[in-house]
Amino acid sequence: NTTAAGAAKLIAGIRFKRAQDLMNAKQWDRAALAFLALVDADPKGPDADKALNNSAVCYENSKRFDSATKIYERLWRDYPQSEMAGEAVWRTAINYQRFFEFDKAVTNFLIIADSPRFQSSEHRADSLYNAAVILENDQAYARAAKFFLRYAATVGKPKEAAEATFRAGVIYEK
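Note that this is a predicted model, so its numbers are computed, not measured.

What counts, and where the lines are drawn
- Residues numbered from 1 in each chain as written.
- Predicted model: local features only at pLDDT ≥ 70, side-chain atom pairs only at ≥ 80, totals over all residues.
- Heavy atoms only, no water.
- Helix = DSSP H or I, 4+ residues; strand = E, 2+ residues; numbered from the N terminus.
- Rg over C-alpha atoms; globule rule 2.2 N^0.38 Å.
- Buried < 20%, exposed > 50% of the residue type's maximum accessible area, 1.4 Å probe, protein only.
- Contact = heavy atoms within 4.5 Å.
- Lys, Arg positive; Asp, Glu negative; His and termini not counted.
- Charge placed at Lys NZ, Arg CZ, Asp CG, Glu CD.
- Expected span 1.5 Å × (residues − 1).
- Core = buried A, V, L, I, M, F, W, Y, C linked by side-chain atoms within 4.5 Å.
- Phe/Tyr/Trp six-rings, centres within 6.5 Å; stacked < 30°, edge-to-face > 60°.
- Polar contact = N/O pair within 3.5 Å; in protein donor to acceptor, adjacent residues only side chain to side chain.
- Salt bridge = Lys/Arg side-chain N within 4 Å of Asp/Glu carboxyl O.

(A) Just the overall build of the protein chain, in detail. In terms of regular secondary structure, the protein chain is built from 9 helices and 0 strands. Counting helices and strands in the order they occur from the N terminus, the protein chain gives α-α-α-α-α-α-α-α-α. The C-alpha atoms of the protein chain give a radius of gyration of 20 Å, which is well past the 16 Å a tight globule of 174 residues would have. Dimensions along the principal axes, computed over C-alpha positions, put the protein chain at roughly 70 × 30 × 25 Å. The proportion of buried residues among the 174 residues of the protein chain is 44%. If you take every contact in the protein chain between residues at least 6 apart in sequence, the share linking residues at least 24 apart comes to 43%. Both charge centroids of the protein chain, one from 25 positive and one from 22 negative side chains, sit 3 Å from each other.

(B) Spotlight on helix H7 (residues 124-137). Relative to the 20 Å expected for 14 residues at 1.5 Å per residue, H7 spans 20 Å between its end C-alpha atoms, a close match to the ideal helical length. The element H7 is extensively covered by neighbouring structure, given that 10 of its 14 residues are classed as buried. Considered for burial, the residues of H7 that qualify are Ala 125, Ser 127, Leu 128, Asn 130, Ala 131, Ala 132, Val 133, Ile 134, Leu 135 and Glu 136. Of the surrounding elements, those touching the buried residues of H7 are helix H5 (85-98), helix H6 (102-114), helix H8 (141-154) and helix H9 (158-173). Looking one or two residues beyond H7, the residue adopting positive phi is Gln 139, at roughly 65 degrees.

(C) Representation of the environment of Ala 164 within the structure. Within the secondary structure, Ala 164 sits in helix H9. Sequence separation between Ala 164 and Phe 35 is 129 residues; the distance between their C-alpha atoms is 41 Å. Beyond its immediate sequence surroundings of up to four residues, Ala 164 is in contact with Phe 148, Tyr 151 and Ala 152.

(D) Focus on the nonpolar core. Counting 56 residues, the largest nonpolar core has Phe 35, Leu 52, Cys 58, Phe 109 and Phe 148 as its most contacted members. In contact with Phe 109, not counting residues within four places along its chain, are Trp 90, Ala 93, Ile 94, Gln 97, Ser 127, Asn 130, Ala 131 and Ile 134.

(E) Main features of H6. Over its 13 residues, H6 runs 18 Å from end to end, which matches the ideal 18 Å to within 8%, given 1.5 Å per residue. When H6 is considered as a whole, its buried residues turn out to be Ala 105, Val 106, Asn 108, Phe 109, Leu 110, Ile 112 and Ala 113. Of the surrounding elements, those touching the buried residues of H6 are helix H4 (65-78), H5, H7 and H8.

(F) Looking closely at the packing of aromatic side chains. Per the stated rule, a full pass over the model turns up 6 aromatic pairs. Ring centres of Phe 16 and Phe 35 lie 5.4 Å apart, and the angle between their planes is 70 degrees; this geometry places the pair in the edge-to-face category. One end of the pair, Phe 16, is in helix H1 (residues 2-24); the other, Phe 35, is in helix H2 (residues 28-41), with 19 residues separating them in the sequence. With respect to class, Phe 16 is no different from Phe 35; both count as buried.

(G) Region of interest: the environment of Asp 29. Relative to the helices and strands, Asp 29 resides in helix H2. Taking the relative accessible area as the measure of exposure, Asp 29 reaches 33% and is therefore partly exposed. Linking Asp 29 and Glu 60, residues 31 residues apart in sequence, is a C-alpha distance of 9.8 Å. Residue contacts for Asp 29: discarding those within four places in its chain leaves Tyr 59, Ser 62 and Arg 64. Side chain to side chain, Asp 29 and Ser 62 meet in a polar contact 3.0 Å long.

(H) Just the pattern of salt bridges, in detail. In this structure the tally under the stated criterion is 13 salt bridges. Among the ionic pairs, Asp 49 bridges to Lys 50, the shortest N-O distance being 4.0 Å. A relative accessible area of 10% places Asp 49 in the buried class. Beyond isolated ion pairs, a larger network of salt bridges with shared partners links Asp 40, Arg 74 and Asp 78.

Below you can see the structure in the form of structure tokens.
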């Protein structure tokens, strides 16, 4: 029924606007829950990925990073074609790094660095660098050096490339 579909779309739009108003009012937890409710009500809705992203942003603003990370993961896994998928993987990696879950952080950084899906991500080179730093700190020297060299080859900035190449050499000495 076209009328029923139109009414459902109108109601979803009103609910999205209410959730957005809560977000704008910095009522982070209420807004996050409102956005999640939108997705749960219509996971295939046209704004489901945006609602998940907004929910995660709200949780980050309320310092609930674990909840934000889970929602970012859901966004990029459930909505792989979303224009926000790459940023969601990045935020997932950053949050894992923030809370010392280094293996998960490296895994997510390397998804950005290695997946053709994210080849145009603005975070691609930084993901290599961050993974290399974590691996160096974990004393996984061979892998760390390899990622510093990859970073040097892709960063596009001569000074940073030289520093990364030098750092890889120092790591190989270890």
